[in-house]
Structures are given as structure tokens and as C-alpha cells.
Amino acid sequence: MGGDGILVTGGTGRVGSGVVTALQGRTARPVTVFVRDPARLGPLPAGVRARRGDLRVPADLTAALDGVATMFLLTPDDPAQDAWESEILATAAAAGVERVVKLSAHSAGCTPPRSFGRLHRRAEEALAASGVRWTVLRPTFFLQSLLLFSGDIAARGWFAAPVRHGRVAAVDARDVGEAAAVVLADDDPRHDGATLELTGPQAVSFGEVAAAVGAATDRAVRFRPLPRPVARAVLPRATGMPRWMVANVVDLFAAIEAGAQSRPTPTLATLLGRPPRTLGDFVADHRDRFAPVPAVAR
Ligand SMILES: NC(=O)c1ccc[n+]([C@@H]2O[C@H](COP(=O)([O-])OP(=O)(O)OC[C@H]3O[C@@H](n4cnc5c(N)ncnc54)[C@H](OP(=O)(O)O)[C@@H]3O)[C@@H](O)[C@H]2O)c1
């Protein structure tokens, strides 16, 4: 107990890795990355240490929280994510954590909450009732989620999703990580009790995603809307996702179709002091993942 350290969870993932990188130079406080397998971490910035542990094991977390005052809380999507985060919060509060910055999801802010946001909203409520100082980050659909389609695009030049005309102000997970680092490093009470909607700079349709990927890879890429019942039926086998996750993915696209994530906010640019990355930036950085698969010589 005691101390002013920062603990980062999810450090090997899309958002958490950005948090670790972006904390460098922003804080003089000791930073610990809580990780199941330190070998999965890239080279750590100076002054950052890794601590092995599993978020499902309270004793691991308690040991890692020695000397920690501030925690970045990220858990992966899980059918019991709300209960899981409540347990983590109880452990953190008992270990003396004073402030938590929680990664949530934009769909937690829908009325009523949609998709993965339903469990995030319950976890947000548990955080608000926990007695610690808190900030909630609600990012929209990650541009990185487009990589789920990269295999189809690379192999056959088209992709499908259960959405037609819906537009989404998709956000780059790297920017979300950097924004989290800004909030973690800045102990100012203005962040306390704040729920921040983090979006990309413009709303794009999936037809425009296809056009952007096509332009970057110098070929025609097409988008095909997938009827929702078809998506529910084929996605479990096509993607290997469990049914509860497919149900949430289909509902997420239904919320996007209804315009729930189509309004960009200035919050990310304000936190970062620069414009957030665009769809074009993301596609350019990941061009190789979308590029046509070369024919194998026989
Ligand atoms: N995808 C989207 O479009 C989107 C949009 C808004 C919000 N979100 C939210 O973002 C969150 C996911 O963030 P992400 O995409 O950055 O995650 P990610 O890339 O899938 O990484 C998940 C991280 O959690 C760690 N982890 C998983 N189980 C663990 C355990 N038992 N103990 C310790 N660490 C564990 C993983 O570590 P290992 O290396 O050990 O596996 C990894 O670092 C979810 O809560 C989701 O709802 C996603």
C-alpha cells in the first residue's frame, strides 16, 4: 500500500500497448505493466517494469498493486465482463488504489446500452459506486477491427458485414491508448467523474472503407451488406466467434446502421493536442495486411 505508481492492464493488446508507449515522457511516476506473459510485450520504455499475473487471480493483482495509486483498467470482451471488473475493482480498492481509468465502449452510452456496451455500462456503474476517483473512456468502433476483414479482402477483394448505409466515426486504438495515457498521467481532478466519448475525426460508411482500402492497394475492393439473420447464422462458423459474441457484433452493426456512432466528438483531439488518425492513415499503416495475396507458384 502507499506509493504513487501507475498500473496498466492489457499491455500486450491494441489499446494497452499504446498506453504503455504514450506514458513515456508524460509521467515521472513508476509504471508497471500487468501481464500474463511478459515475453508477449515488446521492448519496454525506460522506467517501465512488467509484472506477471492473471486478472482472474486476485492474489496476482494484489501483489502487483503494491505501491500503485492509479490503475488503467482494461478487460477483454467476456460474457461476464461486468462481474469480472467488479471483482478487479474490489481487489484494487482493498489494495489502496485511489484512481481508476476504465476502458469502456461507446455503445455503453446508448439509451438503452447496446451490444458490448451493456456489460460495460454495468461495470461503469460499479466503478462509480466503488468510492475511488474514476474516469471512463468510451471509444467508438476501432479502426483495428477492420483487420477482421483483411483476410477476405486480401484473398478475394471483397468483404461483408451486417450494415448497409450506416456511418461510423471509427477511432484508431493507438489514439485511444495515447488518450488514456494523457488522462492517467494528469492527476487533475477535472478528469474525475468524466465519461469521455472518443471518436475518429469523421464518420465513414463501409463502402468508403472498401474504397479507401482499394485506393491504398491499387485494386477494386467491394463491400457487401450482409442481412442480419444471415450474419447470425454464418458468423459463428466463419469466424470461430462464440454465439454471445456474434450476437453483440450483429447488434453493434445494427446500432451503427441507426447512426449511434456517426457523430465525431472533439474530445480526442483536445486530449492529444493533434487531430486523431483518419481511416486513410490507418489503411496506409496497414496496407500490407489488405494487399492481394500473391499466387503460389506450383
Ligand atoms: N474492438 C473494438 O472495436 C472496441 C471498441 C470500443 C471498445 N472496445 C473495448 O476494448 C476492450 C479490448 O481492448 P483491446 O482491443 O485493446 O484488447 P485486445 O487487443 O484484445 O487485448 C486484450 C488484452 O487483455 C489481456 N488479458 C486478457 N485476459 C487476461 C487475463 N485473464 N489476465 C490479464 N490480462 C488479460 C490480454 O493479454 P494476453 O496477451 O495475455 O492475452 C491483452 O493484453 C474491450 O473491453 C472492448 O469492449 C473495443
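Reading the values: rules and limits
- Residues numbered from 1 in each chain as written.
- Predicted model: local features only at pLDDT ≥ 70, side-chain atom pairs only at ≥ 80, totals over all residues.
- Heavy atoms only, no water.
- Helix = DSSP H or I, 4+ residues; strand = E, 2+ residues; numbered from the N terminus.
- Expected span 1.5 Å × (residues − 1).
- Buried < 20%, exposed > 50% of the residue type's maximum accessible area, 1.4 Å probe, protein only.
- Arc of directions from axis to C-beta.
- Domains from an automatic or database assignment.
- Buried area = accessible area lost by both parts, 1.4 Å probe.
- Salt bridge = Lys/Arg side-chain N within 4 Å of Asp/Glu carboxyl O.
- Polar contact = N/O pair within 3.5 Å; in protein donor to acceptor, adjacent residues only side chain to side chain.
- Nonpolar A, V, L, I, M, F, W, Y, C, P; charged D, E, K, R; others polar.
- Near = heavy atom within 4 Å.
- Areas by Shrake-Rupley, 256 points an atom, 1.4 Å probe, with all protein chains shown as cover.
- Lys, Arg positive; Asp, Glu negative; His and termini not counted.
- Contact = heavy atoms within 4.5 Å.
- Pairing = 2+ DSSP bridges.
- Right-handed = clockwise from strand over helix to strand, strands pointing away.
- Phe/Tyr/Trp six-rings, centres within 6.5 Å; stacked < 30°, edge-to-face > 60°.

With that settled, the discussion passes to helix H8 (residues 228–239). Helix length check: H8 (12 residues) gives 15 Å between terminal C-alpha atoms against 16 Å at 1.5 Å per residue, within 8%. Those residues of H8 that sit buried are Ala-231, Leu-235 and Pro-236. Buried residues of H8, seen end-on, are gathered within an arc of 115 degrees and therefore sit on one face of the element. For H8, the exposed residues lying more than 90 degrees away from the buried face are Pro-229, Ala-233, Arg-237 and Ala-238.

What follows is about the domain arrangement of the chain. Taken domain by domain, the chain consists of domain 1 (5–139 + 173–198) and domain 2 (145–167 + 201–262 + 274–290). Computed from C-alpha atoms alone, the centre-to-centre distance between domain 1 and domain 2 is 27 Å. When domain 1 packs against domain 2, close to 1,300 Å² is buried across both sides, 49% of that on carbon and sulfur atoms. The largest share of the area that domain 1 buries against domain 2 comes from Phe-116, Arg-174 and Asp-175, three residues that together contribute 41% of it. Taken together, the links from domain 1 to domain 2 amount to six salt bridges. For Asp-175, the salt bridge identified is with Arg-274, shortest N-O distance 2.8 Å. Where domain 1 packs against domain 2, one counts eight residue pairs in polar contact (both at pLDDT 80 or more). Here the residues of the side of domain 1 that touches domain 2 sort into three nonpolar, three polar and eight charged.

Turning our attention to the site of the ligand. Residues in contact with the ligand amount to 26 residues; listed here are only the nearest, Thr-12, Arg-40, Thr-75, Asp-77 and His-120. With respect to the ligand, the side chain of Gln-81 contributes an N or O atom lying 3.1 Å from an oxygen atom. Contact between the ligand and Phe-142: an oxygen atom at 2.8 Å from a main-chain N or O atom of the residue. About the coverage of the ligand: the protein hides 86% of its 930 Å² of free accessible area. Sorting the residues of the shell around the ligand by element identifies helix H1 (14–23) and helix H3 (81–94) as the ones contributing at least two each.

Here we take up the side chain of Arg-29. Relative to the assigned elements, Arg-29 resides in the loop between H1 and strand E2 (31–35). Asp-187 is the oppositely charged side chain nearest to the buried, salt-bridge-free Arg-29, at an N-O distance of 4.6 Å. Within the structure, the side chain of Arg-29 is placed 3.0 Å from the backbone oxygen of Leu-184, a separation counted as a polar contact. In this view, Arg-29 contacts Asp-4, Gly-5, Ile-6, Thr-70, Leu-184 and Ala-185; residues no more than four positions away in its chain are not counted.

Enumeration over the complete set of coordinates arrives at 22 salt bridges. The partner of Lys-102 in a salt bridge is Glu-85, with the nearest N and O atoms 2.9 Å apart. Note that Lys-102 is positioned in strand E5 (residues 99–103) and Glu-85 in helix H3, a separation of 17 residues in sequence. Pair check on accessibility: Lys-102 and Glu-85 agree, each one buried. Connected via shared salt-bridge partners are Arg-26, Asp-175, Glu-178, Arg-274 and Arg-277.

Now for the pairing of strand E6 (residues 133–139). Across the seven residues that make up E6, a large majority, six, are buried. Both E5 and E6 contribute to a ladder of five bridges, which runs parallel. Looking at E6, one finds that Arg-99 is bridged to Arg-133. What joins E5 to E6 is helix H4 (residues 117–128), and the crossover it makes is right-handed. Across five bridges, E6 lies against strand E9 (residues 194–198) in parallel orientation. Within E9, the residue paired with Val-136 across the bridge is Thr-195.

With that settled, consider the packing of aromatic side chains. For the structure shown, the criterion picks out six aromatic pairs. Taking the centre distance of 4.9 Å and the plane angle of 40 degrees together, the rings of Phe-149 and Phe-159 count as tilted. Pair noted here: Phe-149 is in the loop between E6 and helix H5 (150–156) and Phe-159 is in strand E7 (residues 158–161), with a separation of 10 residues, a long-range link. Phe-159 carries the same exposure label as Phe-149, and that label is buried. What links up through ring pairs into an aromatic cluster is the set Phe-141, Phe-149, Phe-159, Phe-206, Phe-223 and Phe-253.

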